[in-house]
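Architecture at a glance
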Amino acid sequence: MAIKNNVMIVRQKLLTKLIELWKEDQLVAKIDRLPLELSPRNAQPKGRCCIHKERAVWKYKSLPLLGYDMTDETDELTPLSDYARRALERDRNLKENIMCVIDEACSSCVRINYDISNLCRGCVARACALNCPKNAIDFNKETGQARIDHSLCVSCGICHNSCPYHAIVYIPVPCEEACPVQAISKDEHGVEHIDESKCIYCGKCLNSCPFGAIFEISQVFDVLQSIRRGEKLVAIVAPSILSQYKVPVEQFYGAVKAIGFTDVIEVAQGAMDTISHESEELAEKLAEGQPFMTTSCCPSYIEMAEKHAPDLKKYISSTGSPMYYAARIARRKHPDAKVVFIGPCIAKRKEARRDECVDYVMTFEEIHSVLSGLGIEFSEAQTYEMAFTSIRTAHGFGQNGGVMAAVQAHVAGKLQFAGLQVANLTKKNVNLLKAYGKTGKAPAQFIEVMACEGGCISGPCTHIAYDQGKIQFNRELAKR
C-alpha cells in the first residue's frame, strides 16, 4: 500500500466484522444482516447513488473475503449466509483465479480517455480536428469551441498533443493506468476484467481503484477453520513484517501464536539459504560467461518474465525464494502441520500454488484484521522468541536493495560485480527488462528486481502507508 486511503480502511473494516462474527460462531447466522448494519437506512451513501447500491456492494465485497468471486453467483437471491456456510465447510480454497473484480462496485470510471475542457479558445489553427485520424472532432457553431464525438474517438491522444492551449485533457482509468502489462480492461458492459493469462499479480490495480472494486481471493477462513478443527498450522512470516507495527517483532509473533498457530518461523531464516545459493550461482554464471543474472525472489517479476518476457527467463537465478526455503524448514520441523505464509504480497499466492510445501497465504492486511476481529492485543500477547536468529542482511530482504546488499556482503573479497536495482515494475521498467532479455546485454552483472517501489515493505497488502513503514523498518532493522 503506497498511501493510506478509505478503500483500504473499508476493506479491513469489512473483514474485521466478518471475523468477529466467526469468533462468536455467528457468521452464518448474522452475515445477511451485515450490509444493513454497515449502511443503515438513514445513513448517507459514500460514493454510491443510494443506500441500496451501497448495501449490494457490501454483499459482493464479502464474497472474495469468503474465498469466492462474482462467477460463483448463479442466483442473485442466494444469501450471503449460504456462501458463509460453504466457506466454513470446505476443506480448502482451490479457486483458479487469484484476483477478481466486483462488478457492482466497478461502475464510476469513464469510458473515454480524452475530452475537451472549457479552456478551448476555438482557435483558427484547429490542429486538433485536422490531425484527428477518425474525424471525431467538430466545433460548436455558437461558441467556436471544439467537441469530441466519442462514438468515433479511438483515444489515440493526437488531439491532446496537438492543442496549443492544453485544453484537451487525458482522463485515466486508474486500474488500467496502473497495470504495467495491460492485463486489465473493460468488457462489453464497461466493467473491468482481469486477464490472468497476462496478470503478474503485482497488486497495482487493487490499490489504484478509487472504488475498491478489485479484490484478491482470500484464504482467511480456510486458515481459521483449520485452527478451529484443531489442525497444526505453522506461520512463516516475511521479513517486511518489521515495517508494520510499532512493537518489538517478538510481540507480533506472540500475537500470531495467540491466534492458534503451533509455531512461528521467520522467512528471514529461509533468506539465508537464498543468499548463499544465489551468491554461488552468480559466481558460476559469470565464470561461464553469462553476461548478467537477475534475482528470483519477487514472484511478480517471475510472472512477468514467464508471461511477457520469455527471452529473459534464462538470465533469472534458479535459486528459490526465501519463502521456498522457509517452508521447507517448517516442514522438517513440523512434518504434520500446514504451512501458512504471511506477507505483503498478492503474487505469493501464485507462487504458493507451485510449492507443495505452502498450504495457505495470508497478507499483512488480513492478519491485521484477524488480530482485530479476534480481539488480540499486543500488550496482552506473550512475546515469542525465535529459536533461530537470522542475520541482519536476511531481514533486509524486506526492502529494495536488500537482496543486492546481502549477496555483496556474502561474496565480499571473493567476487566483484556491478549491480543494478530495478524497483517498481512500471510499463517503462517492464520494457527495459524485456530489452535486456532480447539483446542479452545489461548495464550490470547482477540485477535485483522487485515489483514494488520500495520493495516488499511497500507491497499491495500492507496495512500501513509506505512512508511510515519505511521508517519503522529501518528502525527495527538497526536492532537486528
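Refer to the structure above for everything that follows.
What comes next is a walk through the structure. (Residues numbered from 1 in each chain as written. Predicted model: local features only at pLDDT ≥ 70, side-chain atom pairs only at ≥ 80, totals over all residues. Heavy atoms only, no water.)

**So, unusual backbone geometry**
In this model, asparagine 135 sits at a positive phi of 50 degrees, which is unusual for a non-glycine residue. With respect to the helices and strands, the residue asparagine 135 is situated in the loop between helix H6 (127-131) and strand S3 (137-139). With a relative accessible area of 62%, asparagine 135 lands in the exposed category. For glutamine 182, which is not glycine, the phi dihedral falls at a positive 55 degrees. (Helix = DSSP H or I, 4+ residues; strand = E, 2+ residues; numbered from the N terminus. Buried < 20%, exposed > 50% of the residue type's maximum accessible area, 1.4 Å probe, protein only.)

**A few points about the state of the cysteines**
What makes a disulfide is a covalent bond joining the sulfur atoms belonging to two cysteines. Under the counting rule described, the total for this entry stands at zero disulfides. We note that cysteine 156 lacks a disulfide partner, and the nearest cysteine sulfur, in cysteine 132, lies 6.0 Å from it. By relative accessible area, cysteine 156 is classed as partly exposed at 41%. (Disulfide = S-S within 2.5 Å.)

**Focus on the sheet that holds strand S12 (residues 338-343)**
Strand order in this open sheet of four strands is S10-S9-S12-S13, and the pairing throughout is parallel. The sheet is open, and its two borders are formed by strand S10 (263-266) and strand S13 (360-363), each paired with just one other strand. Put simply, the sheet's adjacent strands are angled 25 degrees from each other on average, direction ignored. Both S12 and S13 contribute to a ladder of four bridges, which runs parallel. From the neighbouring strand, isoleucine 342 faces S13, where its bridge partner is methionine 362. Relative to the sheet, helix H16 (residues 364-373) contacts S12 and S13, its axis offset from that of S13 by approximately 80 degrees. (Pairing = 2+ DSSP bridges. Axes fitted to C-alpha atoms, helices over the stretch in contact; angles between N-to-C directions. Contact = heavy atoms within 4.5 Å.)

**A few points about the packing of aromatic side chains**
Within this structure, the stated rule accounts for 10 aromatic pairs. Ring geometry for phenylalanine 252 versus phenylalanine 378: centroids 6.4 Å apart, planes at 45 degrees, classification tilted. A residue pair is termed long-range when its members are at least 10 positions apart, and phenylalanine 252 in helix H11 (residues 249-259) and phenylalanine 378 in the loop between H16 and helix H17 (392-395) qualify at 126 residues. Taken individually, phenylalanine 252 and phenylalanine 378 each receive the classification buried, so the pair is uniform in this respect. Consider the rings of phenylalanine 417 and phenylalanine 446, whose centres lie 5.5 Å apart with planes at 75 degrees: the pair is edge-to-face. With phenylalanine 417 in the loop between helix H18 (402-410) and strand S14 (419-423) and phenylalanine 446 in strand S15 (residues 446-450), the pair connects residues that are 29 residues apart, well separated along the chain. Given the relative accessible area of 0%, phenylalanine 446 is considered buried. Each residue in the set Tyr245, Phe252, Tyr253 and Phe378 is aromatic and connected to the rest through ring pairs, giving one cluster. The aromatic ring of tyrosine 324 is capped on one face by arginine 328, whose charged end is 3.6 Å from the ring centroid. (Phe/Tyr/Trp six-rings, centres within 6.5 Å; stacked < 30°, edge-to-face > 60°. Lys NZ or Arg CZ within 6 Å of the ring centre and 35° of its normal.)

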